[in-house]
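Structural overview
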Amino acid sequence: MAPSTELPLVTLLPRAWIGFGKAPWRCVGLATVLLLSAIGPALLGEDLRRLGLTWLGDLAVVASLVLPLLPLLALLKLADQLLPPESRPEPPIRWSWLLRQATGLVLFELLLVLGGLALIQTLSWAAGRLSTTLAGVVVVSGGLLMLCWMFSQVLALPLLVHHRLRALQAMDHSRQLVRHNGLKMLALLGLLSGINLLGLIGASLGLLLSLPFSALVLMACCRTQTPCSSVSRRNILPT
């Protein structure tokens, strides 16, 4: 990715809205499956724990963290298909390859987060033997670094789906893209967070609309354009 590429922030919301209008019921259906796969096993696990089947309850909770990956990938793939195609379309993607790379990406990210937390805990313990103030500085600075890393990886999964990248390539691509568009991504995540918080109103039924729209916006972020290009100006409004 060239360093000059930027997110077409002005065009993201119109593109997402146009894409949602092409297949609203498919988007809502996948969002329903995503929520059910995340909430259903977790509720079942809580009931199993109350019945004394602790290990089955823990297994159901773990399933609630793993099962949503498949409908999430399906939602992102559908969002990528609903958005306007690029001049150089990507080759078809196989589900087996996509699921394998997405699982690897999630595992890599999880290992990095857990390793970072363990490192912060170890360093803060060592610094605490010298000074509690130094230990606090280690925790705060380490936490900020962890947040920056997690922020830089927000586009890793959408980029993997759109560009057919491998897990490590998607992580590096996301880091570069967010680094060159930090303020735009911060504003965009704030907007999406607000939309999904509004979606929690009404027994969380609004998430059936806000989740597909968020997926469309994130997939639109993968279509980077150089500033002031004719394509960027042409795609600001629907034609």
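Worth saying up front: this structure is predicted, and the values here are computed from it rather than measured. (Residues numbered from 1 in each chain as written. Predicted model: local features only at pLDDT ≥ 70, side-chain atom pairs only at ≥ 80, totals over all residues. Heavy atoms only, no water.)

A word on the confidence of the model for the protein. Averaged over every residue, the pLDDT of the protein is 83; the share at 70 or more is 87%. Of all the helices and strands in the protein, helix α11 (residues 230-234) carries the lowest mean pLDDT, 41, while helix α4 (residues 69-82) carries the highest, 92. (pLDDT = per-residue confidence, 0-100. Helix = DSSP H or I, 4+ residues; strand = E, 2+ residues; numbered from the N terminus.)

Let us look at the side chain of Gln101. For Gln101, the location among the structural elements is in helix α5 (residues 95-128). By relative accessible area, Gln101 is classed as buried at 10%. Ignoring sequence-local partners within four residues, the contact set of Gln101 consists of Leu160, Leu165, Arg166 and Ala167. (Buried < 20%, exposed > 50% of the residue type's maximum accessible area, 1.4 Å probe, protein only. Contact = heavy atoms within 4.5 Å.)

In a regular helix each residue adds 1.5 Å, so 18 residues correspond to 26 Å; helix α9 (residues 182-199) covers 25 Å between its end C-alpha atoms and thus fits that length. Restricting attention to buried positions, one finds in α9 the residues Met185, Leu188, Leu192, Asn196 and Gly199. An end-on view of α9 places all buried positions within 70° of arc, on one side of the element. Opposite the buried face of α9, by more than 90 degrees, sit the exposed residues Leu183, Leu186, Leu197 and Leu198. At its buried positions, α9 is contacted by α1 (9-22), α6 (132-152), α8 (167-180) and α10 (207-221). (Expected span 1.5 Å × (residues − 1). Arc of directions from axis to C-beta.)

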